[in-house]
Amino acid sequence: MIQWTGVAGRSTLLATVLWLGGLVFSTGAAATQELPRIDPHAGYQSEPGISEYTETSAARPVDKSVTRLSERKGPVSTTDHAKLKELEGPFASGPDVTRACLGCHTEAGHQFTKNKHWTWRYDHPVTGQKLGKSVLINNFCTNARGNEGMCAQCHAGYGMTDAKTYDFANQENIDCLICHESTGTYYKTPPTRGNKACSVMFTDKPAIDLVKVAQSVTLPGRNNCGACHFYGGGGDNVKHGDLSSVLFQPSRSIDVHMGEDGENFSCVICHVGEGHEWAGSRYNMVGKDTKGTGKPGMPRDTATCESCHGHDPHPLNLVGVKLNDHTDRVACETCHIPTFARGGVATKVAWDWRTAGRLKNGEGFKLEGYTQGDGKHRHTYKSIKGTFAYDENVVPSYAWFNGVVDYTTIDTRFGDQRPVAINKPLGDASDPDARIWPFKLMHTVQPYDKGNNTLVYMHLWGDNRDAFWGNYDFGRAIERGMADNGIPYSGQYGFVETVSYWPINHMVTPKQDALSCKQCHAREGRLKDLPGFYMPGRDSNAWFDRIGILAVLAALAGVLLHALLRIVMRARRKG
């Protein structure tokens with residue numbers, strides 16, 4: 001049992017830190033990264049229990065964002081929901097509110113049950129892979145499948161405890177409020193309470209006034225989308241890197257489109273939709289939008305820069321013409337998002353599951369060893385998850401990307417190559433559909449099946465003896481997770497290095513803060529490691545160098561000849 005208090009406890013804490021942290025692992029193309037050691041003098045407190053997901057149930061800042069471009073000319077809504085008799089209540093539950101909604105919005109339920117926010121499934125039209133939260137492996141909490149009792153806190157429905165048996169045809173379980181209420185007071189907790197270690201997630205929650213939130217419904221604002229998407233992976237900005245609580249009420253310098261002193265756009269301005277289907281997908285992205293209209297406010301079916309700005313977004317001057325010449329091979333985000341995780345909220349960049357399971361007085365605990373830009377402390381160790389590293393104002397990694405992503409699924413057998421790519425963006429310099437894109441890279445050491453060379457499902461959440469978030473036993477958690485889903489398991493687990501790629505699309509800076517030419521066109525520039533093409537200022541080529549030298553010499557000779565002729569002519573005139 002570990003105990004530390006006062007001065008005497010600090011030496012014990014230091015010993016514990018040496019026991020927990022400092023693990024080094026290879027990150028492939030990236031530099032070898034060392035996970036942080038905890039500062040024994042930082043004075044942060046340990047805390048038992050699982051509390052990271054409580055952020056999603058806290059009151060959110062209510063933004064007054066633009067949800068229709070026409071709203072700049074005045075409100076366009078024809079209905080004040082606060083005046084509808086159907087919403088006077090009383091309501092005993094969320095499904096009661098949904099029944100009232102569907103009474104007027106007769107087609108909404110049919111539409112929404114086809115959406116991947118509801119189904120958690122997606123069939124990729126190019127690769128044929130079966131994707132979605134209900135089946136995929138990731139390198140954060142590893143798998144939602146089998147852990148719906150916790151993960152479904154961010155399902156757009158009520159009561160999903162098991163995706164295999166959930167009634168996806170029951171429209172009354174659609175959660176209309178999470179996307180449409182505008183008070184910022186509505187929240188969701190996991191559908192099940194899990195074990196004792198998880199109980200903190202359900203304490204001290206204020207009652208929800210269902211009548212008030214139902215009468216407040218409107219088109220989704222940033223506070224609606226952000227309630228789930230800003231906290232994916234277990235906390236604020238943990239997963240995406242470019243989606244954090246900063247975007248509830250950002251400045252223009254953080255995001256030129258969403259900034260309250262800028263365009264003040266809501267998410268649905270870009271992620272346009274019809275019939276509860278929205279543009280934009282992590283599973284099937286648009287690497288190069290060839291249909292972009294370049295006319296803001298016009299109908300479109302893609303969430304791309306080109307859909308508003310077209311293919312020649314820069315002014316038609318000498319510099320602008322050259323910049324426009326880049327758009328077929330360089331994504332707009334590459335130049336216009338020079339860094340992500342800005343505004344004071346860090347993103348998680350490394351995770352090591354091998355240290356998970358350490359206990360204090362027989363209970364799980366966490367240590368906070370990172371202070372981010374806004375002054376908040378972030379945990380660098382949790383018994384339920386292991387050791388972490390964070391970063392802010394991160395320079396992206398860059399890769400060729402044509403919009404198609406190949407995923408490592410639970411069935412994928414991998415060889416000896418490390419790290420294992422959880423999701424691999426496809427494309428290279430010879431692919432006409434590929435452009436240079438910015439990514440966040442997430443590096444993790446996580447469990448895998450040593451006998452079958454596959455990743456594994458872990459049973460993390462549950463009020464039973466096999467749930468890792470309670471028993472801290474990898475063997476039992478993996479065996480249960482695989483058995484519950486009928487997946488072959490050799491009975492031997494180990495740990496494997498993985499990497500996942502997260503396309504960076506948000507936190508677009510004002511144009512004056514975009515990358516300059518020399519930040520890429522240099523030997524040690526941002527694209528120094530990107531292969532497959534010749535880049536002026538970065539690369540050396542014997543013939544190009546000779547031609548360049550000849551061109552310079554020819555220009556110099558021309559200047560000297562011109563000067564000589566002027567001298568001769570002047571001498572003749574004087575004579």
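For the structure, check the block above.
For every chain, the first residue of the written sequence is number 1, and numbering continues from 1 along that sequence. It should be noted that, the model being predicted, local features are given only for residues of pLDDT at least 70 and side-chain atom pairs only at 80 or more, the latter also being counted only at that level, while totals for whole chains, interfaces and linings use all residues. No hydrogens and no water enter the side-chain calculation; it runs on all heavy atoms of the structure.

A. Structural detail: the environment of histidine 459. The numbering of helices and of strands both runs from the N terminus, where a helix is a DSSP run of H or I of at least 4 residues and a strand a run of E of at least 2. Note that histidine 459 resides in the loop between β15 (454-455) and α13 (468-471). Relative accessible area decides the class of each residue, using a 1.4 Å probe on protein chains only: under 20% of the type maximum gives buried, over 50% gives exposed, and in between gives partly exposed. What makes histidine 459 buried here is its relative accessible area of 6%. Once the C-alpha coordinates of histidine 459 and arginine 480 are considered, the two residues, 21 residues apart in sequence, prove to be 6.1 Å apart. For histidine 459, the contacting residues outside a window of four places in its chain are Gly146, Asn147, Asn464, Asp466, Ala467, Phe468, Ala477, Arg480 and Gly481. Of note is the side chain of histidine 459, whose polar atom sits 3.0 Å from the side chain of asparagine 464. It only takes one pair of heavy atoms within 4.5 Å for two residues to be counted as in contact. Each polar contact in these results corresponds to two N or O atoms within 3.5 Å; when the atoms are within protein, one needs to be able to donate a hydrogen and the other to accept it, and residues that are neighboring in sequence are counted only if both atoms are side-chain atoms.

B. Region of interest: unusual backbone geometry. With omega at 0°, the peptide bond leading from glycine 89 into proline 90 counts as cis. At threonine 142, a position not held by glycine, the phi torsion is positive, near 80°. Along the chain, threonine 142 falls in the loop between β4 (130-131) and α5 (148-151). According to the relative accessible area criterion, threonine 142 is buried, its value standing at 2%. Positive phi is not limited to glycine here, since histidine 276 has a value of about 60°. As for its position among the elements, histidine 276 is in the loop between β5 (273-274) and β6 (277-278). Looking at histidine 276, the relative accessible area reads 25%, which means it is partly exposed.

C. Structural context of the nonpolar core. Take the buried Ala, Val, Leu, Ile, Met, Phe, Trp, Tyr and Cys residues and link them wherever side-chain atoms come within 4.5 Å; each set so joined is a nonpolar core. Residues Trp353, Phe468 and Trp469 are the most contacted members of the largest nonpolar core, which totals 51 residues. Of all elements in the fold, only β10 (386-391), β11 (397-401), β12 (405-407), β13 (420-425), β14 (435-449), α13, α14 (474-484) and β16 (493-503) reach the threshold of two or more residues within this core. The contact partners of phenylalanine 468, leaving out residues within four places of it in the chain, are Trp353, Ala356, Gly357, Ser383, Ile384, His459, Leu460, Asp473, Phe474 and Ala477. Counting residues in hydrophobic clusters, the runner-up holds 25 residues, among them Val97, Phe112, Ile174 and Cys176.

D. View of helix α8 (residues 222-229). α8 sits mainly inside the fold: six of its eight residues count as buried. Packed against the buried residues of α8 are α6 (177-180) and α9 (267-270).

E. Representation of the packing of aromatic side chains in the model. Pairing of aromatic rings covers Phe, Tyr and the six-membered ring of Trp, with a centre-to-centre limit of 6.5 Å; geometry is then stacked below 30 degrees between planes, edge-to-face above 60, and tilted otherwise. On inspection of all chains with the given rule, the structure shows 26 aromatic pairs. Considering the side-chain rings of tryptophan 353 and phenylalanine 474, the 6.4 Å spacing of their centres and the 70° angle between planes classify their relative orientation as edge-to-face. Residue tryptophan 353 is found in the loop between β7 (347-352) and β8 (366-371), and its partner phenylalanine 474 is found in helix α14; the two are separated by 121 residues along the sequence. Residue tryptophan 353 shares its accessibility class with phenylalanine 474, and that shared class is buried. Measuring from ring centre to ring centre gives 5.9 Å for phenylalanine 468 and tyrosine 472, while their planes differ by 75°; the resulting arrangement is edge-to-face. An aromatic cluster is built from Phe140, Trp351, Trp353, Phe388, Phe468, Tyr472, Phe474, Tyr493, Phe495 and Trp502, whose rings are joined through pairwise contacts. Here, over-ring charges are defined by two tests on the NZ atom of lysine or the CZ atom of arginine: distance to the ring centre within 6 Å, and angle to the ring normal within 35 degrees. The ring centre of tryptophan 351 lies 4.6 Å from the NZ or CZ of lysine 348, which sits over that ring.

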